Amino acid sequence: MKILLCEDERDLAESIQSYLKSNDILCEIATDKKSALSKISAFEYDCVLLDLMLPDGHGFDILTELKAQQKSEGIIITSAVETLDSRLEGFQLGADDYLTKPFHLSELLVRIQALVRRKKFKGNNLIDFKEVEIDLNSKSVKVNNSYIDITKKELDLLLFLIGNHNKVLSKSAIAEHLSGDMADMLDNHDFVYAHIKNLKKKLHEAGSNDYIKTVYGLGYKWQND
Amino acid sequence: MTKKLLNKTLGSYLIFSVIVLLTAAPVFYFATEALYREDADETLLINKNNFFHYSIPNMLEADIAVWNKMNRDIKIESATPALSKDTFFFQSYYDTLHAENEPYRILKTPVIIHKQPYTFTSKISLIESEDLIENIVLLFSIVLLLLLSGFYLLTKRFSLQLWKPFYKSLDYIEKFEIDKDLTVFFEESEIEEFNRLNQALTKFTVRNIRIYNGQREFIENAAHELQTPLAVFQAKIDTLFQRSDITEGQSEILSKLDDTATRLIKLNKNLLLLSKLESKQFAETETVLLNSIVEKQISFFEEQASAKNCQINLLIKEQLFVKSNPVLAEILISNLFLNAIRHNIQNGSILIKLEKNSITFSNNGINEMLVENRLFQRFNKTAHETFHFNSESSVKEERATYNKWSNAPVNSVKYLNSDSPGGLNQHLYTSGNGLGLAIIKKIADLNSWKINYNFQNNLHNFTLILPEHEI
């Protein structure tokens, strides 16, 4: 998978690049509008991450240009500015998602995956990791070909873990992902532990390998050992 | 004690008038009386001179008895005791005609008739003069009273008229709210001083509005500008999390950094929200049902509350339809939830009551009332902070760990909770950022709702009072 990252903050761009790289996403960086536009017309990408405030112009200009060239890339706006207006305008101009800075890299990764899945594999909404198989349409999970009983939160957690496989996820990142719009209202991340425990138990009982590892002092990780 | 300006002026006038009236009346009375007495004395002296000049030369000794018989007011009596000079005095005589005592002015003077000493006595009735004086004094008093009361009333009317622009400006300034009024307007007045005052006030308020807006914008810009470095910070921490060569001690530092970053990010988001609230970016309103917001959020917060083993009870008596920006209504309710959980105790309880025109969040917490007037200020968390350290049993242990942080090498630190990573940092979250109640207050203000706090039966009650017939 190849994506274009329009981001003038080089440190942030590099962190995103290195995080995505180990999950098989090739990330090209454009630090200004000019280079972003020339890259867009020269190459095909699966997804474009767009910062709105670029040194030589506004991210919306790139968005307009993409639509004018009838490109099919999925577009995620990553901006520090979040007003109702900027959000609405972004979606109206054809953006697919809006992620306000600051965000967790793990969150960005699953957003990219979800978007590319929607855009590229229409109809095919199956995700599998060895004996674990998730059907996004029916929101069901099969382990070794038999369904397991799973809550919506646990499914969400499972997707987040598998999407970020081999990554250490902090409790705060998991908690925020699971809380969605209410993430800002989180006061305590202990509930993550309960969900992890339940998910682990359900997968284990269905005969799955123990992929969810507790990383001492840091968080959790989906790992194939 | 303070008095109204007008009353103060009029009070002085009134006191002055009374003093003038009280002193002027007797002075006037005595002055008139003295003048009249002088007048009477002069008349008596004229009588005497006439008598001496015209009557005595022709008077025989035998005439005296006749004289006395014929004259009521001038008498000649034998000189016992003998007088040496003119003597004036007052005396009352009984008037048989009117059957009452009448005042008289009397002159006695020695007189020689045919070498015999006699006393000449002349008297004048003062009855008319007394009436006159009384009438004059009365008239004078009435005139004075009329004058003063007229003066008083006129001053009152004039002052009211005169001070009107002043009271208008005062009214305006009293109602002025820097976060609501964007412009100032004082009426032009005919009076130079008031115009000067209004100009000064205009200058003053315009300046303050500008400073206030400047500060608001500064906070908003600062919060916005912080978002990008915070994003870099968070991304670097996320990257560091993936390193496989991190030691146990380092991972603990990293976990703390992550928690701190989370706090920073939330704090900044709340600051942004507050400044957005103040710049009125949520102006559009619609009809919102508070019940559905509470019901939508309750499962999320039940999960949060379970960390403290707190029970949330919901008591719905009314359907609360309100006019509000829907986003703000949600933020308000979620902050009330958060506040009730954050400052609750282990195994505590939360009661949410939706009643007619009000919604109340009651929670356990410290067993004393919080200082209400500071409660809704930004970054006021003293009460909650103290509470936190008193109520959490693990605090001592955590503190001990903190002390080790500063004294011992990092890798020697042993942590409390092994199964749940980062579990010891819980208090970083529970201490809050001191903006929740400020946000609640601000949203209530924007919607013209009232937020009240009280402490009853060991429960902290936050009540949102909605205006009647809002919809």
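Residues numbered from 1 in each chain as written. Chains lettered and ligands numbered in written order. Predicted model: local features only at pLDDT ≥ 70, side-chain atom pairs only at ≥ 80, totals over all residues. Heavy atoms only, no water.

**Q** What am I meant to see in the overall build of chain B here?
**A** On a plain count of helices and strands, chain B comes out with 12 helices and 11 strands. Counting only residues that meet the buried cut, chain B has 40% of its 471 residues in that class. Sequence-distant contacts, at least 24 apart, represent 70% of the contacts inside chain B between residues at least 6 apart. Here chain B has roughly 27500 Å² of accessible surface; of this, 57% comes from carbon and sulfur atoms. (Helix = DSSP H or I, 4+ residues; strand = E, 2+ residues; numbered from the N terminus. Buried < 20%, exposed > 50% of the residue type's maximum accessible area, 1.4 Å probe, protein only. Contact = heavy atoms within 4.5 Å. Areas by Shrake-Rupley, 256 points an atom, 1.4 Å probe, with all protein chains shown as cover.)

**Q** What is the right way to read the sheet that holds strand 6 (residues 311-316) of chain B from this model?
**A** Within a sheet, neighbouring strands are paired by backbone hydrogen bonds and run either parallel or antiparallel to one another. Residues and elements named next belong to chain B. What the 5 strands build is an open sheet, ordered 6-8-9-11-10; its pairing is mixed. In this open sheet, the two edge strands, each paired with only one partner strand, are strand 6 and strand 10 (450-456). Strand after strand, the sheet turns through a mean of 15 degrees between neighbouring axes, direction not considered. As paired strands, strand 9 (residues 358-363) and strand 11 (residues 459-465) are joined by 6 bridges and run antiparallel to one another. Across the sheet, Asn-363 pairs through a bridge with His-460, a residue of strand 11. Across the sheet, helix 7 (residues 326-342) lies against strand 6, strand 8 (349-355), strand 9, strand 10 and strand 11, angled at about 20 degrees from strand 9, the strand it touches most. (Pairing = 2+ DSSP bridges. Axes fitted to C-alpha atoms, helices over the stretch in contact; angles between N-to-C directions.)

**Q** It is not clear to me how the domain arrangement of chain B should be interpreted in this structure. Could you clarify?
**A** It is common to give the size of an interface as the accessible area that goes away when the parts come together. Domain boundaries in chain B define domain 1 (5-147), domain 2 (176-281) and domain 3 (284-381 + 432-465). Its C-alpha centre places domain 1 of chain B at a distance of 93 Å from the equivalent point of domain 2 of chain B. (Domains from an automatic or database assignment.)

**Q** What am I meant to see in the packing of aromatic side chains here?
**A** Centre distance and the angle of the planes are the two values used to describe a pair of aromatic rings. All names here are of chain B. Summed over all chains, the structure comprises 21 aromatic pairs over all chains. Taking the centre distance of 6.2 Å and the plane angle of 85 degrees together, the rings of Phe-52 and Phe-120 count as edge-to-face. Here the residue Phe-52 occupies a position in helix 1 (residues 5-55), and Phe-120 occupies one in strand 4 (residues 116-125), the gap between them amounting to 68 residues. Taking NZ or CZ as reference, Lys-48 lies 5.7 Å from the ring centre of Phe-52, over its face. (Phe/Tyr/Trp six-rings, centres within 6.5 Å; stacked < 30°, edge-to-face > 60°. Lys NZ or Arg CZ within 6 Å of the ring centre and 35° of its normal.)

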